[in-house]
Amino acid sequence: MNGPSLALRQRSLGDLSAEFPLFPPLTRGCPKTSTAELAYPLEVVYDYAKVDRDLFTGPPGPDIARWSPLLPPLDAPTLGEGGTPLITFGDVHIKDESRNPTWSHKDRLNRVAVSAAVASGAPGVVVASSGNHGASAAAYAARAGLPAIVLASADSPPAVQAFVRSYGAKVVSVPVEARWPLLRQVVDELGYHPVSNQTATHTGHPFGPEGYKTIAYELFLQLGTVPAAVFTPTGYAELLYGVWKGFAELRLLGGSPTGRRGCSPARRPPAGRTPRPWPPAPPAAVVGLGPTDAYGVACSVGGHRGVAAVRDSGGDPVLVTDEDLRLAQRDLARAGLWQELSGAAGLAGYRRLRRDFDGPVVCIATSSGFKDVGVATERHPALEEPTLEDLIP
């Protein structure tokens, strides 16, 4: 069922006819279509005609190598990423990505991005991140035997910085405006492989979102169908784009059952073929704007991927407040699912949209609650003479 990667090349999301070899990954956006105002990211093209249709049968598997034909080459060792549970929560399903090795969805991206560093022969990995991405990149670099440099902001949670350092990464707190120039300097002068953004508008790693496609594949197996809608926390929108692309590939390859709803096709089908016309069932992007405690989605710049995913799926951006997020976070925790504030944005967005869907709805919960700012700083004094009444919840 599994097999070698069927990845062929990279292409620009600014113009799908602008194609490039698979290596080296173009981590600074498309050199042909990008402008001074907008750096277009790239995606990976596959030989879809060679994909075994049995790929979408059977269990999800122990890690994302289960889907290796539809991923770039996986040259970095696994930590057991993927295969996360789908849990019923009221009238929706929660895809709990906090069950990944470093307790966030970023592990799917970094298995792929660090694999590119290994395949490229890079002497190390560099990432600009104040949270999940830095921890995940450090872990996968350590697993692959590569040093990692993590450029973090000074106000990132101390617990997360300690988490990153535990993997042996060099963690340096720098002003936000200095992160990109320093990252580029590390890439240009030390030859380290960047697994995060380098451009004024977000492009990120061209291979990274391919790892997020595996969420769509798993949801199809877990539900037995394509969900009617998927709500994702959205910052740079790599997760949103990857999940959408996974569903587009499922339909292209005939993996989705006839008559069930799926995501709308791209402007051009991924392999030049015309998929069956299905009614649209959009994933919904959840965005956060302005000051927020949800630092995981409080991104200073945007990118093209989120726009493309929302537009091409017929989806909707949904603005949520910190109050929405805290309520969703509390309710998930009361059901045994403790999520970072940013990680509760999918559920908060579903509640804010107030729309009925003809089919199952999935909210992706991205990260463990221990990574929030201020966690473990509240003190609870010991009871001098506890009574039974003190023990009643």
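Below you will find a few notes about this structure. Note that the structure is a prediction, hence the values are computed from the model and not measured.

1. Overview of unusual backbone geometry
Here comes step 1: With an omega dihedral of 0°, the bond running from F23 to P24 counts as a cis peptide bond.
Here comes step 2: Topologically, P24 is positioned in the loop between β2 (19-21) and β3 (42-46).
Here comes step 3: If you check the backbone angles, W103 has positive phi at about 70° while not being a glycine.
Here comes step 4: Examined against the element boundaries, W103 turns out to sit in the loop between β5 (92-96) and α1 (106-120).
Here comes step 5: Phi angles above zero are rare outside glycine, and R354 is one such case at about 55°.
Here comes step 6: Here R354 is to be found in the loop between α9 (345-353) and β13 (361-365).

2. Comments concerning the sheet that holds β2
Here comes step 1: Here we have three strands laid out as an open sheet, ordered β2-β1-β3, and antiparallel in their pairing. The sheet is open, and its two edges are formed by β2 and β3, each paired on a single side. In this sheet, adjacent strand axes meet at a mean angle of 40° when their direction is disregarded.

3. Regarding α9
Here comes step 1: Of all the positions in α9, only A345, G346, L347, A348, G349 and Y350 are classed as buried.
Here comes step 2: Immediately beyond the C-terminal end of α9, within one or two residues, lies R354, with a positive phi of roughly 55°.

4. Looking at the environment of K371
Here comes step 1: When you line up the elements, K371 lands in the loop between β13 and α10 (388-391).
Here comes step 2: For K371, a relative accessible area of 1% puts it in the buried group.
Here comes step 3: Expressed as a C-alpha distance, the spacing of K371 and W338, which sit 33 residues apart in the sequence, is 10 Å.
Here comes step 4: Of note is the side chain of K371, whose polar atom sits 2.8 Å from the side chain of N132.

5. Notes on the packing of aromatic side chains
Here comes step 1: Scanning the model with the defined rule gives twelve aromatic pairs in all.
Here comes step 2: Taken together, a centroid distance of 5.1 Å and an interplanar angle of 80° make the contact between W103 and F370 edge-to-face. Here W103, found in the loop between β5 and α1, pairs with F370, found in the loop between β13 and α10; they are 267 residues apart in sequence, far enough to count as distant.
Here comes step 3: One aromatic cluster in this structure is built from W103, F163, Y167 and F370.
Here comes step 4: Taking NZ or CZ as reference, R66 lies 4.1 Å from the ring centre of W67, over its face.

6. Some points on the packing of helix α6 (residues 238-252) against helix α7 (residues 304-313)
How two helices pack is summed up by the angle between their axes together with the distance between the axes.
Here comes step 1: The interhelical angle for the contact between α6 and α7, taken along N-to-C directions, is 40°, at an axis separation of 8 Å. Judged on the interaxial angle alone, α7 and α6 are oblique. The crossing of α6 and α7 is left-handed. Facing E238, L240, Y241 and W244 of α6, the residues of α7 in contact are R305, G306, A308, A309, V310, D312 and S313.

Conventions adopted
- Residues numbered from 1 in each chain as written.
- Predicted model: local features only at pLDDT ≥ 70, side-chain atom pairs only at ≥ 80, totals over all residues.
- Heavy atoms only, no water.
- Helix = DSSP H or I, 4+ residues; strand = E, 2+ residues; numbered from the N terminus.
- Pairing = 2+ DSSP bridges.
- Axes fitted to C-alpha atoms, helices over the stretch in contact; angles between N-to-C directions.
- Buried < 20%, exposed > 50% of the residue type's maximum accessible area, 1.4 Å probe, protein only.
- Polar contact = N/O pair within 3.5 Å; in protein donor to acceptor, adjacent residues only side chain to side chain.
- Phe/Tyr/Trp six-rings, centres within 6.5 Å; stacked < 30°, edge-to-face > 60°.
- Lys NZ or Arg CZ within 6 Å of the ring centre and 35° of its normal.
- Parallel < 35°, antiparallel > 145°, perpendicular 65-115°, else oblique.
- Left-handed = near helix turned anticlockwise from the far one by under 90°.
- Contact = heavy atoms within 4.5 Å.

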